[in-house]
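Each chain is listed here by its residues.
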Number of protein chains: 2
Amino acid sequence: MTEIAAPYLLFLGDASDDLAAKTAFGIAHWRPLRCLGQLQMPGCKTDIGLPDVSIAEGATRGARTLVIGVVNAGGTISEHWVPTLCAAIEAGLDLASGLHTRLSSIPAIRTAAERHGRKLFDVRHTDQLFSTGSGERRPGKRLLTVGTDCAAGKKYTALAIEAELRARMRPATFRATGQTGILISGGGIAIDAVVSDFVAGAAEWLSPANDPLHWDIIEGQGSLFHPSYAGVTLGLLHGSQPDAFVVCHEPNRRTMRGVSHPLPEIRDVIDLTMRLGRLTNPQIRCVGLSVNTSALSEGAARDLLARLGREYELPVIDPVRSGARAIADVLT
Amino acid sequence: MTEIAAPYLLFLGDASDDLAAKTAFGIAHWRPLRCLGQLQMPGCKTDIGLPDVSIAEGATRGARTLVIGVVNAGGTISEHWVPTLCAAIEAGLDLASGLHTRLSSIPAIRTAAERHGRKLFDVRHTDQLFSTGSGERRPGKRLLTVGTDCAAGKKYTALAIEAELRARMRPATFRATGQTGILISGGGIAIDAVVSDFVAGAAEWLSPANDPLHWDIIEGQGSLFHPSYAGVTLGLLHGSQPDAFVVCHEPNRRTMRGVSHPLPEIRDVIDLTMRLGRLTNPQIRCVGLSVNTSALSEGAARDLLARLGREYELPVIDPVRSGARAIADVLT
C-alpha cells in the first residue's frame, strides 16, 4: 500500500471513553512527530493530550491526513461523523481508517474524495496484488513477534523493540501487519485480509531485502495454537523468515480469544515456532519473552519476569513497564 | 457456493491435446452420470469419449450447465470461445469455469447471462462470506488428504476413497477445495482464494456436522512443508478437524513445486500433521499413504508400495493402479 502522508490530524469523534480512542492513543504514543493535533466532536469523552486543532487550522499548518482514531460501538463509521470527514477532504486532507466499513462505501465521502482528488486509506482491507511466496533467503535481519494467543502484546512489543534499537542508532523498521500498526507507522499490510494463497508472499513483500545489519521488526498476528487463525500466523512466519522471535504472553488468560481452547505453554510456542520457522530460516532462534503484567502489582510483576527468566534462560520484558532494553541487548 | 446443476455438457473448445482438457477428463472419469456429452470446436485435438452433443441438442435433452473443461495456453478464456459460450446461455444453460478469468468479466457473457437469467460459476474465485473458525468439535467423521508437496495426488486420492466407500454402501461425500474438484462434484470452495482470516472457518463450513458414521473425504491443498502455501494447508487442517488423513506422495520429485526446497520425508509429514492436527482433533491418525507410481513399471511400483508398507506399517495405495480398497478397509 502507499504510505499514509503525515502529519496527521487525529479524529476522536464523540468517543465514549479512552478505550474507544485506543488507536489515537497508540499513534500519539508511538509516533508523536507524525501528529499535529486532535479533533474532537461535541460529546467526546476522551482527550489524548495533543493540541486541539480544527480542520481549517490543520490544513493551514500542513496536516496531510485525517486519521480516524476512534471506534464506535458497532465498529462502523457513524453517520454523524460524515460531514466532518467530508470537510477534511474539502480542506485538502486524505482520510485513513482502520474500521471494517470502507470509507469509499459511503457515497458522500467517495464523491468528495473524487472531486478533490484526495486519497482514502482503508487499512483493514487490501486490494493490492501479491505474488506467492518464494521461500528464498534475502539479506537483512528480521524479528517477528509471536504469541500464546491473539491480542497478547505483539504490536506493542515490536514497536518497543524498534524504539529501543533506534535509540541506540541501530537501523530498524517496524513492519505493521494489522490496522492499528499500519496507522501508527503509515504503511504495512493487514495480513489477515490477504487471500490465503498470497499470505507468505505478502510477508516477503512487507520485509524486503535490506542491508545486512538492518532489523525489520515485524508485528505478528494470531498464534500457531489458535484454531481460527493459525494458518495466517504460519504464512506470516514463513514469509518473514525471521532470524529472531519474541514470544508475547498474557499470563492471566485461561482460554484463547473467542474459542474454548486453553492457552498453550510458552515452551510449546517456542518449540513449534522453531520447528516451523526453520523451513525458511534454519537459523531462527527465540531471543526473549514479552509478558503483559498490567494486572499484577509491581512486586508480583518483577517476580514473574524473574521466574520466567530463570525457567527459560531468556531475557523477559514487560515493554509497558520497562521497555525492550533486555531484548535489544541480544540483537545489538 | 451454490450447487452447479447437472447434467453437464463438457466444452472442449479447440483443445491442443489431452492435457489441455484434463478437467473434462476428470469430470467424465469421476462423475460420468453428471455428463450428457462433449462439445468440440473446429481444431479440437482431444476426445474424452463422451457422445458429441450440440448446444441445441443438449438443451433439448436437459443439459443444465456448459462446463469449460479445457484450458488454453494462457489459462484464460479464448476470445473465439465466446460466441459458443453465449449460445449456450441463450439456449438456457448456466456456465461454469475453473479458469482465472472471470466469466462475468467478459461483457458479452455477462450481458447474455443477465438477459437470460442464467448463472455464471467462476469456481476459482469466491465471493462467499465465511465466519472465522470456531475450533469446536462437530459430529461426523472426516478424512483429509495431505501431501509431501502440491500436486501430489490429493484430489485423485480423495475421490478414489469416496468411490470405494460408496461402492461399499458407506455414506461418504467428497469435499472439493480446488477448482477441478468443484467442477467434478458440483460444489465446494477454492480454499486458496479465501481471505486468510477465514480459511479455517471456510473449512468448517465445507464439512459441516453430519451423521456419526458419515465420512467427509476432504481434498487437501498444498503442504505443511511448502514455503508458499503452508498457511493454507494449516487452516484447512484445523477447520477440517480430520479423524484420519492420508499422505500423498510423488516419489520422483526432488524439489517442491515452484520453489527450490527439497521434498520432506513422508515420516515428517505424518509427524507434523499429527502434531498440528491434534489442536482441533486429538484423535487424528494417519490411515495410509497414496503414491503416484505412474513413472514406474508395474513391478517397480509393486516393490515401492510394499517397501513403504513395511516401513510405515500402513496401507499404501496407488489409486490409479489399484483404487483405494486398502484404505477403505481401515475406515469401514
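Being a predicted model, the structure only gives us computed values, none of them experimental.

Description of the overall build of chain A
Move 1: Helix and strand content of chain A: 12 helices and 11 strands.
Move 2: Computed over C-alpha atoms, the radius of gyration of chain A comes to 20 Å, within 12% of the 20 Å expected from 2.2 N^0.38 for 332 residues, which places it in the range of a compact globule.
Move 3: Dimensions along the principal axes, computed over C-alpha positions, put chain A at roughly 55 × 45 × 45 Å.
Move 4: Of all 332 residues assigned to chain A, the portion counted as buried reaches 59%.
Move 5: Looking at chain A alone, contacts between residues at least 24 apart form 75% of all its contacts between residues at least 6 apart.
Move 6: Carbon together with sulfur atoms contributes 52% to the accessible area of chain A, which is approximately 13,300 Å² in total.
Move 7: Charge-centre separation for chain A: the mean point of 34 positive side chains lies 3 Å from the mean point of 34 negative side chains.

So, the packing of aromatic side chains
All names here are of chain A.
Move 1: On inspection of all chains with the given rule, the structure shows six aromatic pairs over all chains.
Move 2: Relative to Trp81, the ring of Phe11 has its centre 5.5 Å away and its plane inclined at 75 degrees; by these criteria the two rings are edge-to-face. One end of the pair, Phe11, is in strand S1 (residues 8-13); the other, Trp81, is in the loop between strand S3 (65-68) and helix H3 (82-90), with 70 residues separating them in the sequence.

So, the sheet that holds strand S9 (residues 244-249) of chain A
Residues and elements named next belong to chain A.
Move 1: With parallel pairing, six strands are arranged side by side in an open sheet as S7-S8-S6-S9-S10-S11. With partners counted over all chains shown, the strands left at the sheet margins are strand S7 (172-175) and strand S11 (316-317), one partner each.
Move 2: Alignment of strand S6 (residues 141-147) against S9, held across five bridges, turns out to be parallel. Within the sheet, the bridge partner assigned to Leu143 lies in S9 and is Ala244.
Move 3: Across the sheet, helix H9 (residues 266-277) lies against S6, S9 and strand S10 (285-291), angled at about 150 degrees from S9, the strand it touches most.

Points about the relation of the copies chain A and chain B
Move 1: Its rotation angle being 180 degrees, the transformation that places chain A on chain B also includes 0.0 Å of axial translation and leaves an RMSD of 0.0 Å. The relationship between the two copies is best expressed as a two-fold rotation axis.
Move 2: Of all interface residues in chain A, 100% are interface residues in chain B too; the two copies therefore contact each other through one and the same surface.

Quick notes on the side chain of Asp243(B)
Residue and element names in this part refer to chain B.
Move 1: Secondary-structure assignment places Asp243 in the loop between helix H8 (230-240) and strand S9 (244-249).
Move 2: Within the local environment of Asp243, its side chain forms a polar contact with the backbone nitrogen of Arg142, the two atoms lying 2.8 Å apart.
Move 3: Filtering out sequence-adjacent residues up to four positions away, Asp243 remains in contact with Arg137, Gly140, Lys141, Arg142, Trp215, Asn281, Gln283, Ile284 and Arg285.

Some thoughts on the state of the cysteines
Residues and elements named next belong to chain B.
Move 1: According to the stated counting rule, one finds zero disulfides over all chains in the structure shown.
Move 2: Here Cys35 stays unpaired: no disulfide links it, and the sulfur of Cys44, its closest cysteine neighbor, is 15 Å away.
Move 3: The cysteine Cys248 is free of any disulfide, with Cys286 supplying the nearest cysteine sulfur at 9.8 Å.

Reading the values: the criteria
- Residues numbered from 1 in each chain as written.
- Chains lettered and ligands numbered in written order.
- Predicted model: local features only at pLDDT ≥ 70, side-chain atom pairs only at ≥ 80, totals over all residues.
- Heavy atoms only, no water.
- Helix = DSSP H or I, 4+ residues; strand = E, 2+ residues; numbered from the N terminus.
- Rg over C-alpha atoms; globule rule 2.2 N^0.38 Å.
- Buried < 20%, exposed > 50% of the residue type's maximum accessible area, 1.4 Å probe, protein only.
- Contact = heavy atoms within 4.5 Å.
- Areas by Shrake-Rupley, 256 points an atom, 1.4 Å probe, with all protein chains shown as cover.
- Lys, Arg positive; Asp, Glu negative; His and termini not counted.
- Charge placed at Lys NZ, Arg CZ, Asp CG, Glu CD.
- Phe/Tyr/Trp six-rings, centres within 6.5 Å; stacked < 30°, edge-to-face > 60°.
- Pairing = 2+ DSSP bridges.
- Axes fitted to C-alpha atoms, helices over the stretch in contact; angles between N-to-C directions.
- Least-squares fit on C-alpha atoms with pLDDT ≥ 70 in both.
- Polar contact = N/O pair within 3.5 Å; in protein donor to acceptor, adjacent residues only side chain to side chain.
- Disulfide = S-S within 2.5 Å.

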